[in-house]
Amino acid sequence: IPAHFARIKGCDFGFEHCAAGVELAHDRDQDILYLIDSYKKEGELAPYHAAWFNKSNKWVPVAWPHDGLNTDKAGGGTVKDAYALHGVNMMSKSARYPRVAGQDEKAGPQPQWPIIDQMRERMMTGRFKVFSTQQQWLEEKRNYHVKANATGEMKPVSRNDDLLKATFYALMMLR
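Every chain begins its residue count from 1, and numbering advances along the sequence as written. Whole-chain, interface and lining totals are the exception, using all residues; otherwise, since this is a predicted model, local features are given only for residues with pLDDT of at least 70 and side-chain atom pairs are given and counted only at 80 or more. Here the side-chain values reflect all heavy atoms present in the structure, with hydrogen atoms and water set aside.

Draft legend 1. Highlighting the sheet that holds strand β1 (residues 6-12). The criterion for strand pairing is that DSSP finds at least two bridges linking the strands in question. Only DSSP runs of H or I with at least four residues qualify as helices, and only runs of E with at least two residues qualify as strands; both kinds are numbered from the N terminus onward. Read across the sheet, five strands follow the order β4-β1-β2-β3-β5 without closing on themselves; strand pairing throughout is mixed. Every other strand in the sheet has two partners, leaving β4 (62-63) and β5 (128-130) as the edge strands with one partner each. Pairing of β1 with β4 involves two bridges; the strand directions are parallel. Paired with G10 across the two strands is A63, which belongs to β4. Should any heavy atoms of two residues lie within 4.5 Å, those residues are counted as being in contact. In this analysis, axes come from line fits to C-alpha atoms, helices being fitted only over the stretch in contact, and the angle between any two N-to-C directions falls in the range 0 to 180 degrees. Packing of helix α3 (residues 113-124) onto the sheet brings it into contact with β2 (19-27), β3 (32-41) and β5, and relative to β5 it is tilted by some 80°. Helix α5 (residues 162-172) contacts β1, β2, β3, β4 and β5 of the sheet and is inclined by roughly 45° relative to β2.

Structural data, given as C-alpha coordinates:
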(Lines give C-alpha, C1' and ligand atoms only; values in the text may rest on other atoms or scores of the structure.)
Protein backbone atom coordinates (compact mmCIF):
# COMPACT_ATOMS: atom_id res chain seq x y z
CA ILE A 1 0.00 0.00 0.00
CA PRO A 2 1.59 3.30 -1.01
CA ALA A 3 2.25 5.67 1.90
CA HIS A 4 0.17 8.44 0.31
CA PHE A 5 -3.06 6.38 0.39
CA ALA A 6 -5.47 7.68 3.05
CA ARG A 7 -6.52 5.18 5.71
CA ILE A 8 -9.62 4.65 7.81
CA LYS A 9 -10.78 1.84 10.05
CA GLY A 10 -14.34 0.87 10.84
CA CYS A 11 -15.64 -0.75 14.01
CA ASP A 12 -18.83 -2.66 14.76
CA PHE A 13 -19.27 -3.19 18.50
CA GLY A 14 -20.47 -6.50 19.84
CA PHE A 15 -20.37 -8.85 22.77
CA GLU A 16 -23.20 -11.37 22.30
CA HIS A 17 -22.45 -11.21 18.57
CA CYS A 18 -19.03 -10.54 17.09
CA ALA A 19 -17.27 -7.24 17.41
CA ALA A 20 -15.50 -6.46 14.15
CA GLY A 21 -12.96 -4.14 12.63
CA VAL A 22 -11.79 -3.38 9.10
CA GLU A 23 -9.03 -1.24 7.65
CA LEU A 24 -9.44 0.51 4.32
CA ALA A 25 -6.82 2.22 2.18
CA HIS A 26 -8.09 4.92 -0.17
CA ASP A 27 -6.34 5.82 -3.41
CA ARG A 28 -7.81 9.31 -3.62
CA ASP A 29 -6.34 9.94 -7.09
CA GLN A 30 -8.31 7.01 -8.58
CA ASP A 31 -11.06 7.00 -5.87
CA ILE A 32 -10.47 3.30 -5.24
CA LEU A 33 -10.94 1.74 -1.79
CA TYR A 34 -8.99 -1.35 -0.76
CA LEU A 35 -10.10 -3.50 2.16
CA ILE A 36 -6.70 -4.54 3.46
CA ASP A 37 -7.38 -6.06 6.88
CA SER A 38 -10.27 -7.25 9.03
CA TYR A 39 -10.97 -8.86 12.36
CA LYS A 40 -13.92 -10.23 14.33
CA LYS A 41 -14.32 -11.90 17.70
CA GLU A 42 -17.29 -12.71 19.94
CA GLY A 43 -17.57 -12.49 23.73
CA GLU A 44 -14.70 -10.13 24.50
CA LEU A 45 -14.55 -6.63 25.97
CA ALA A 46 -12.99 -3.42 24.65
CA PRO A 47 -9.36 -4.07 25.81
CA TYR A 48 -9.24 -7.26 23.76
CA HIS A 49 -10.63 -5.63 20.61
CA ALA A 50 -8.48 -2.51 21.09
CA ALA A 51 -5.40 -4.67 20.62
CA TRP A 52 -6.41 -5.33 16.99
CA PHE A 53 -7.11 -1.66 16.25
CA ASN A 54 -3.75 -0.71 17.79
CA LYS A 55 -1.62 -3.50 16.30
CA SER A 56 -0.53 -1.39 13.36
CA ASN A 57 -1.24 2.07 12.03
CA LYS A 58 -2.49 3.20 15.45
CA TRP A 59 -2.87 6.72 14.05
CA VAL A 60 -5.64 5.67 11.63
CA PRO A 61 -9.03 7.11 12.68
CA VAL A 62 -11.76 4.62 13.55
CA ALA A 63 -15.39 5.14 12.46
CA TRP A 64 -18.00 3.66 14.79
CA PRO A 65 -21.82 3.25 14.97
CA HIS A 66 -24.19 5.32 17.10
CA ASP A 67 -24.56 2.48 19.62
CA GLY A 68 -21.04 3.32 20.74
CA LEU A 69 -22.72 5.93 22.96
CA ASN A 70 -24.41 3.10 24.94
CA THR A 71 -23.02 2.18 28.36
CA ASP A 72 -20.11 -0.26 28.25
CA LYS A 73 -20.80 -3.82 29.48
CA ALA A 74 -17.86 -3.47 31.89
CA GLY A 75 -19.67 -0.50 33.47
CA GLY A 76 -19.13 3.21 33.63
CA GLY A 77 -18.64 5.09 30.39
CA THR A 78 -19.68 4.53 26.83
CA VAL A 79 -18.48 1.73 24.58
CA LYS A 80 -16.70 4.27 22.35
CA ASP A 81 -14.89 5.72 25.38
CA ALA A 82 -13.84 2.23 26.53
CA TYR A 83 -12.05 1.74 23.20
CA ALA A 84 -10.53 5.25 23.34
CA LEU A 85 -9.33 4.58 26.90
CA HIS A 86 -7.30 1.71 25.46
CA GLY A 87 -5.65 3.90 22.83
CA VAL A 88 -7.96 3.40 19.84
CA ASN A 89 -8.15 6.56 17.70
CA MET A 90 -11.97 6.82 17.72
CA MET A 91 -13.50 9.55 15.56
CA SER A 92 -15.20 12.33 17.54
CA LYS A 93 -18.70 11.45 16.34
CA SER A 94 -20.53 8.32 15.23
CA ALA A 95 -20.72 7.30 11.58
CA ARG A 96 -23.21 9.36 9.60
CA TYR A 97 -23.86 10.52 6.10
CA PRO A 98 -22.43 13.86 4.93
CA ARG A 99 -24.57 16.90 5.57
CA VAL A 100 -26.92 17.82 2.74
CA ALA A 101 -27.01 21.51 1.80
CA GLY A 102 -29.50 23.36 3.96
CA GLN A 103 -29.90 20.51 6.47
CA ASP A 104 -28.16 19.58 9.70
CA GLU A 105 -26.11 16.40 9.86
CA LYS A 106 -28.27 13.60 11.29
CA ALA A 107 -26.77 11.74 14.24
CA GLY A 108 -28.08 8.43 15.58
CA PRO A 109 -29.29 5.50 13.50
CA GLN A 110 -28.64 5.91 9.79
CA PRO A 111 -30.65 4.38 6.95
CA GLN A 112 -28.88 1.31 5.53
CA TRP A 113 -29.80 1.44 1.85
CA PRO A 114 -27.71 4.49 0.87
CA ILE A 115 -24.46 2.93 2.10
CA ILE A 116 -25.34 -0.49 0.68
CA ASP A 117 -26.03 1.14 -2.69
CA GLN A 118 -22.80 3.15 -2.50
CA MET A 119 -20.73 0.04 -1.78
CA ARG A 120 -22.51 -1.93 -4.53
CA GLU A 121 -21.85 0.86 -7.03
CA ARG A 122 -18.17 1.00 -6.01
CA MET A 123 -17.85 -2.78 -6.45
CA MET A 124 -19.55 -2.75 -9.84
CA THR A 125 -17.29 0.06 -11.10
CA GLY A 126 -14.07 -1.49 -9.71
CA ARG A 127 -13.64 1.17 -7.02
CA PHE A 128 -13.90 -1.19 -4.04
CA LYS A 129 -11.42 -4.04 -3.92
CA VAL A 130 -10.88 -6.67 -1.26
CA PHE A 131 -7.53 -8.33 -0.64
CA SER A 132 -7.82 -12.08 -1.30
CA THR A 133 -6.55 -12.75 2.24
CA GLN A 134 -9.82 -11.38 3.67
CA GLN A 135 -11.76 -14.64 3.47
CA GLN A 136 -14.09 -13.93 6.43
CA TRP A 137 -15.16 -10.63 4.84
CA LEU A 138 -15.74 -12.30 1.48
CA GLU A 139 -17.81 -15.03 3.17
CA GLU A 140 -20.00 -12.40 4.87
CA LYS A 141 -20.50 -10.65 1.55
CA ARG A 142 -21.51 -13.91 -0.16
CA ASN A 143 -24.12 -14.58 2.55
CA TYR A 144 -25.51 -11.03 2.76
CA HIS A 145 -29.12 -10.84 1.58
CA VAL A 146 -32.43 -9.05 1.97
CA LYS A 147 -35.87 -10.28 2.93
CA ALA A 148 -39.33 -8.75 2.79
CA ASN A 149 -40.77 -7.71 6.15
CA ALA A 150 -44.47 -7.92 7.15
CA THR A 151 -45.31 -4.84 5.03
CA GLY A 152 -43.48 -6.16 1.99
CA GLU A 153 -40.56 -3.75 2.36
CA MET A 154 -37.19 -5.28 1.53
CA LYS A 155 -34.79 -5.17 4.51
CA PRO A 156 -31.20 -6.42 4.88
CA VAL A 157 -30.98 -9.49 7.11
CA SER A 158 -28.70 -8.53 10.00
CA ARG A 159 -27.04 -11.85 10.70
CA ASN A 160 -23.34 -12.56 10.46
CA ASP A 161 -22.71 -9.12 8.93
CA ASP A 162 -20.31 -7.61 11.47
CA LEU A 163 -17.41 -7.06 9.06
CA LEU A 164 -19.75 -5.58 6.46
CA LYS A 165 -21.21 -3.19 9.05
CA ALA A 166 -17.71 -2.09 10.10
CA THR A 167 -17.00 -1.46 6.42
CA PHE A 168 -20.20 0.56 6.03
CA TYR A 169 -19.22 2.82 8.96
CA ALA A 170 -15.74 3.42 7.54
CA LEU A 171 -17.19 4.16 4.09
CA MET A 172 -19.74 6.61 5.58
CA MET A 173 -16.92 8.58 7.23
CA LEU A 174 -14.44 8.40 4.34
CA ARG A 175 -14.79 12.13 3.78
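Draft legend 2. Representation of the pattern of salt bridges within the structure. Salt bridges, as used here, are contacts in which a Lys or Arg side-chain nitrogen is within 4 Å of a carboxyl oxygen on Asp or Glu. Considering all chains together, one arrives at ten salt bridges under this definition. Among the ionic pairs, E23 bridges to R7, the shortest N-O distance being 2.8 Å. With E23 in strand β2 and R7 in strand β1, this residue pair connects regions lying 16 residues apart in the sequence. R7 matches E23 in its accessibility class, with the two residues each being buried. The salt bridge involving E140 is made with K40; its shortest N-O contact spans 2.8 Å. Highlighted residues: E140 in helix α4 (residues 135-143) and K40 in strand β3, separated in sequence by 100 residues. Overall, the relative accessible area of 17% leaves K40 in the buried class. What you see here is one network of salt bridges that share partners, running through D31, E121, R122 and R127. Categorising residues by exposure relies on relative accessible area from a 1.4 Å probe, with only protein chains included: less than 20% of the type maximum marks a residue as buried, more than 50% marks it as exposed, and the intermediate range marks it as partly exposed.

Draft legend 3. How the structure looks around the packing of aromatic side chains. Side-chain rings of Phe, Tyr and Trp, where Trp is taken by its six-membered ring, are said to pair if the distance between their centres is within 6.5 Å; with planes under 30 degrees apart they count as stacked, over 60 as edge-to-face, and otherwise as tilted. Taken as a whole and assessed by the stated rule, the structure comprises seven aromatic pairs. Ring geometry for Y144 against F168: centres 6.2 Å apart, planes inclined by 70°, an arrangement best described as edge-to-face. With a gap of 24 residues between them, Y144 in the loop between α4 and β6 (146-148) and F168 in helix α5 connect regions that are remote in the sequence. A ring is scored as having a charge over it whenever the NZ atom of a lysine or the CZ atom of an arginine sits within 6 Å of its centre and within 35 degrees of its normal. Over the ring of W52 we find K9; its NZ or CZ atom is 5.7 Å from the centre of that ring.

Draft legend 4. Just the environment of E16, in detail. Secondary-structure assignment places E16 in the loop between β1 and β2. Residue classification places E16 among the exposed residues on the basis of a relative accessible area of 56%. In sequence terms E16 and E44 are 28 residues apart; their C-alpha atoms lie 8.9 Å from each other.

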